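# Close look at the chain arrangement
If you want the building blocks of each chain, they are given just below.
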Amino acid sequence: MLTPRFELTQTEDEVLVVIHAPYANIKDTEVHVEGCDFRFFSNPYYLRLNLPGKIEENDASTGSYDCEKGDFSMRFSKINKGEHFENLDMISSLLLPSTQKQVQIPNIEVISNPVTNETDLLKDNEADEKDDNVDDNNADDDDDDDDDEWFIPQTVPNENPYVSLNNSKYGFANKISRALDAFEESWLAEIIDLPRPDETPVNLRRNLREKHESSSFNVVHYIAEYLEPEQIEDCIQFKAEWEVISEKDVVFSEKEVDILKELPNKEYLLDDKEILNVSLGLVDILFGFCYNHRTTLGESTVESGWTVAKLSSSLSWFETFGKLKDVLIACIRRSLCFPLFRNWNLSLKVIEDIKQVLKLGKKFVVKCLCEIYTFFNSSCEPRYVLNQLYIKDYLIWIQQSQNSVFEFLLKELNEVNLKKEEIGFDLVSLETSAYDIYANDLIIENTKTSDGDLMTSFSNMALNKKPITPVVSDSDDTDSDSDSDSTTSSSSNNSDCNSASNLSNQSKKHESSSKSSESLDSDDHSEPRDA
């Protein structure tokens, strides 16, 4: 049987049910209404809904069928007039079966029958004597086993310390393990950055991720967009969908309804810690979605699936977070390392976008996740696996969750105040040094290079300029002596031809390494090229 697409609306006294069933056999249509239970059957369609309130079929109830649209429209009265039915637009929740009442089993106390005759009393005495003999024999056996007191069974420890079913879990609420064990590493590398996901424990993933990000941070790319942010400003000034609509304007499209009605029936039993982990993971995923929407000006591209998955540590590294600040720091770090536009102000704007998305309620969050679900299913790489591990469960869980989850996340987001020093790439020193070099170059060249190539002016400084030593990020260690270099840059007052020459060579070397990095990136079809 097919589950038809449907929509429910309500007034103070009635509930309207619209069912799209264009191939239905109208003469065999049956509708059953009893309290919260609504059933519709018209071959080949079958629909059963568990409503949040009770309705009834009476003389005021009506029904009709539109042959052109293939829609059944039915009205039913609410048993409690004026009652508001919550979450009538949560498709998956309505399809869940009603929770069966638990049968209360009365406590039964077993009382032994008293001895009623002498025969039973004699039998009990004989049994006691046998038990005493058995106890004596066991005591003798214990004495014999004293010699084996230090004989303890031993097992050979696992040679690979990373292999642990308890520590190598991932997926929604970390409920999945060994699901990717059969896939080749090269195949997994197309969709995730985490190496050996079924062997790497959760507590090692953050260190591996941060090390990978530090080696991927490109100084020249970041500085170029810091000093010439014109294109970035267009993205920041763009009015996203969530900035121009209200909660009442949120409506599911037909495509989104088709996705939701095909989701499996699940009920999640999560403790407080798991709910926190899942909620913070949602923020992590929404960051990638909002970044993609803003940088493409609302028009998604073939790289949208890559962008969402790459910027989310939950999807690319299967990381679990316990603090919201850790989530936002990870999101910003990744937004400054991998996508086309790498800018601090842009990342902060995306965090504001997350707040707006959460304010629109869980219905809009579900719409966002449906779009991510579509990205992954239509991706050239096998990112549909991420739908199975995360997105499907998020779609189901959010529809069942309370609004307090979003209120908590909004409150936490408003209280977090991020600083550049917390990101880990020494951004303040880099920006200060780069701006000084750029400003001095403009003065020496009489502002003629303002329209020229920024990197050319950055690397070909005149020898009579003030010696300024820029902070250079090492690919293996981002926490270098950058602070001391910046201090030297600002305090130097005398001209030094050799220092200026070294600076020129250093800048050229970074430009060359950047071009090599971009060349390597272009060979990787799973990542878009740097600008």
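Further up the page is the structure itself.
Here the structure is a predicted model, which means the values were calculated and not measured. (Residues numbered from 1 in each chain as written. Predicted model: local features only at pLDDT ≥ 70, side-chain atom pairs only at ≥ 80, totals over all residues. Heavy atoms only, no water.)

### A closer look at the overall build of the protein chain
Scanning the protein chain for helices and strands turns up 19 helices and 8 strands. Scored against the burial criterion, the 531 residues of the protein chain give a buried share of 43%. On the protein chain, roughly 29600 Å² of surface is accessible, and the fraction owed to carbon and sulfur atoms is 47%. (Helix = DSSP H or I, 4+ residues; strand = E, 2+ residues; numbered from the N terminus. Buried < 20%, exposed > 50% of the residue type's maximum accessible area, 1.4 Å probe, protein only. Areas by Shrake-Rupley, 256 points an atom, 1.4 Å probe, with all protein chains shown as cover.)

### Section: the pattern of salt bridges
Counted under the stated rule, the structure contains 28 salt bridges. For R39, the salt bridge goes to D37, with nearest N and O atoms at 2.8 Å. Classification of D37 as buried rests on a relative accessible area of 14%. In this structure, D193 engages K310 in a salt bridge whose closest nitrogen and oxygen atoms are separated by 3.0 Å. Separated by 117 residues along the polypeptide, D193 in the loop between α3 (185-188) and α4 (202-216) and K310 in helix α9 (residues 304-311) bring together distant segments of the chain. Taken together, the shared-partner salt bridges in this structure form one network comprising D193, R206, R209, E210, E213, K310, E319, D326, R333 and R334. (Salt bridge = Lys/Arg side-chain N within 4 Å of Asp/Glu carboxyl O.)

### Let's talk about the packing of aromatic side chains
One pass over the full model with this rule turns up 14 aromatic pairs. Residues F38 and F76 carry aromatic rings whose centres are separated by 5.8 Å and whose planes lie at 65 degrees to one another, so their mutual orientation is edge-to-face. Of the two residues, F38 is situated in strand β3 (residues 30-42) and F76 in strand β6 (residues 71-78); the sequence distance between them amounts to 38 residues. The buried category is assigned to F38, whose relative accessible area is 0%. Aromatic pair F318 and Y390: ring centres 5.8 Å apart, planes at 40 degrees, arrangement tilted. Of the two residues, F318 is situated in the loop between α10 (313-316) and α11 (324-335) and Y390 in helix α14 (residues 384-400); the sequence distance between them amounts to 72 residues. (Phe/Tyr/Trp six-rings, centres within 6.5 Å; stacked < 30°, edge-to-face > 60°.)

### Structural notes on the environment of H32
Relative to the helices and strands, H32 is located in strand β3. On the basis of relative accessible area, H32 is assigned to the partly exposed category, the value being 32%. The residues touching H32, leaving out its near neighbours within four places in the chain, are D37, F38 and R39. Polar contacts involving the side chain of H32 include one to the side chain of E34, which spans 3.4 Å. (Contact = heavy atoms within 4.5 Å. Polar contact = N/O pair within 3.5 Å; in protein donor to acceptor, adjacent residues only side chain to side chain.)

### A short note on the nonpolar core
Proteins that are soluble and globular tend to have nonpolar side chains buried together. If you look at the biggest cluster of nonpolar residues, it comprises 120 residues, and the most contacted ones within it are I19, F38, Y394 and L395. Setting aside chain neighbours within four positions, we find F38 in contact with V17, I19, V31, H32, V33, L47, R48, L49, L51, M74 and F76. (Core = buried A, V, L, I, M, F, W, Y, C linked by side-chain atoms within 4.5 Å.)

### Brief notes about helix α13 (residues 362-377)
In a regular helix each residue adds 1.5 Å, so 16 residues correspond to 22 Å; α13 covers 22 Å between its end C-alpha atoms and thus fits that length. Burial runs high along α13: 13 of the 16 residues are buried. (Expected span 1.5 Å × (residues − 1).)

### A short note on the environment of S246
Assignment of secondary structure puts S246 in the loop between α6 (230-237) and α7 (254-261). Considered as a pair, S246 and Q356 are 110 residues apart in the sequence and their alpha carbons are 9.9 Å apart. Engagement of the side chain of S246 in a polar contact is seen with the side chain of D249, the distance being 2.9 Å.

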